[in-house]
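# Secondary and tertiary structure notes
Now for the letters of each chain:
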Amino acid sequence: MIAYVDEPTLIRNYGLANREHSVANTPETKFRIGSITKQFTAVAILQLQEQGLLDVQAPISNYLPDYPAGNRITSHHLLTHTSGIPEYLDGEIFPDILEWMRLSFTLEQLIDRFKDLPLEFDPGEHFKYSNSGYVLLTQIIEPVSGQSYADYMQTNVFTPLGMIHTGYEITKAVITNLDQGYLFIGDDLYLQTEPIDMSLPQGAGGLYSTLQDLARWNHWLYGTIPAGQPILSAASIELLTTPAVQMDTP
């Protein structure tokens with residue numbers, strides 16, 4: 001899709017959303033967007049800060065009093081991947097990952113998997129990409145807002161921006177027009193991707209969306225259209241999009 005302001009100038013769809021039934025990709029096809037979810041979660045955290053319900057520079061023990069080392073870690077550390085919390089999707093740390101990625105977890109059970117592990121470095125000392133941090137941000141959003149992550153995002157982000165085909169994938173829910181993932185292994189042979197229970201990614205990767213909804217999100221984020229009511233101040237958008245830490249290089 002190529003879009004100018006709020007009018008798409010070119011939309012093309014390729015391939016199949018479902019190979020078993022020869023269902024083509026269309027502008028209405030919904031895809032799991034994986035870690036693109038993280039920028040939506042970050043917006044939710046900054047909204048709550050604007051409402052005075054949290055401070056990203058405060059220790060997360062203010063919001064999760066039982067989390068070990070919570071007095072040393074801030075929401076800002078979680079947002080910027082500098083907390084030092086071990087990665088809960090790391091197969092070297094969790095050799096049983098292929099087994100438990102198929103199981104259903106509550107948010108609390110998921111966090112129990114990594115919360116008692118020692119930090120890999122002092123918070124703020126290094127950058128290391130962390131899904132664990134964004135799972136913790138999901139847990140912070142729920143008690144601070146008084147809503148589930150799914151309900152909060154729908155009410156405060158997707159609906160105001162008119163993103164009517166975007167949402168949080170509830171485990172085992174039937175979602176209209178959701179594509180099926182495949183692994184290409186050659187000679188026109190495809191395998192269905194390994195199953196994953198959608199309670200696993202949480203606010204680190206649990207959203208689905210469409211091409212047009214993501215274009216609308218980009219228009220809002222970069223200020224090219226007033227997509228519905230404002231959901232974040234200009235100051236918070238600048239904070240969201242300004243580099244905060246030096247990424248380690250090989």
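Located above this text is the structure these notes cover.
Think of each chain on its own: its residues are numbered from 1, step by step along the sequence as written. Where local features are concerned, this predicted model is filtered to residues with pLDDT of at least 70; where side-chain atom pairs are given and counted, the filter is 80 or more; whole-chain, interface and lining totals use all residues. Values reported for side chains reflect all heavy atoms of the structure, with hydrogen atoms and water molecules removed beforehand.

For the rest of this paragraph, the subject is unusual backbone geometry. The phi dihedral of Ala-69 is positive, around 65°, even though this residue is not glycine. Secondary structure elements follow DSSP: runs of H or I of four or more residues count as helices, runs of E of two or more count as strands, with numbering from the N terminus. For Ala-69, the position within the fold is in the loop between helix H1 (37-50) and helix H2 (75-79). Think of it in three bands: with a 1.4 Å probe and only protein chains considered, a residue is buried below 20% of the maximum accessible area for its type, exposed above 50%, and partly exposed in between. Assessed through its relative accessible area of 25%, Ala-69 is described here as partly exposed. The phi dihedral of Gln-202 is positive, around 50°, even though this residue is not glycine. Checked against the element boundaries, Gln-202 lands in the loop between strand S8 (189-192) and strand S9 (207-209).

A word on helix H6 (residues 149-161). Working rule for helices: expected span equals 1.5 Å times residues minus one. For H6, with 13 residues, the first-to-last C-alpha span of 17 Å sits near the 18 Å given by 1.5 Å per residue. The largest bend in H6 amounts to roughly 35° and is located at Thr-155. The set of residues buried in H6 consists of Tyr-149, Ala-150, Tyr-152, Met-153, Val-157, Phe-158, Pro-160 and Leu-161. Looking at the packing, one finds that the buried side of H6 touches H1, helix H5 (131-145), strand S6 (167-168), S9 and helix H7 (211-221). To obtain the bend at a residue, axes are fitted to the seven residues ending there and to the seven starting there, and the angle between these axes is taken. In this description, contact between two residues means that some pair of their heavy atoms is separated by no more than 4.5 Å.

Let us look at the packing of H1 against H6. A fitted line through C-alpha atoms serves as each axis, taken over the contacting stretch for helices, and the angle formed by two N-to-C directions is quoted from 0 to 180°. Packing of H1 against H6 leaves a shortest axis separation of 11 Å and a crossing angle of 80°. As the angle between them shows, H1 and H6 are arranged roughly perpendicular. Residues Thr-37, Phe-40, Thr-41, Val-43, Ala-44, Gln-47 and Leu-48 of H1 form the contact with H6, whose own contacting residues are Tyr-149, Tyr-152, Met-153, Asn-156, Val-157 and Phe-158. Three classes are used, and their members are as follows: Ala, Val, Leu, Ile, Met, Phe, Trp, Tyr, Cys and Pro are nonpolar, Asp, Glu, Lys and Arg are charged, and the others, Gly among them, are polar. Along the lines of polarity and charge, the residues of the contact of H1 with H6 split into nine nonpolar, four polar and no charged. In these notes the angle categories are as follows: under 35 degrees is roughly parallel, over 145 is roughly antiparallel, 65 to 115 is roughly perpendicular, and the rest is oblique.

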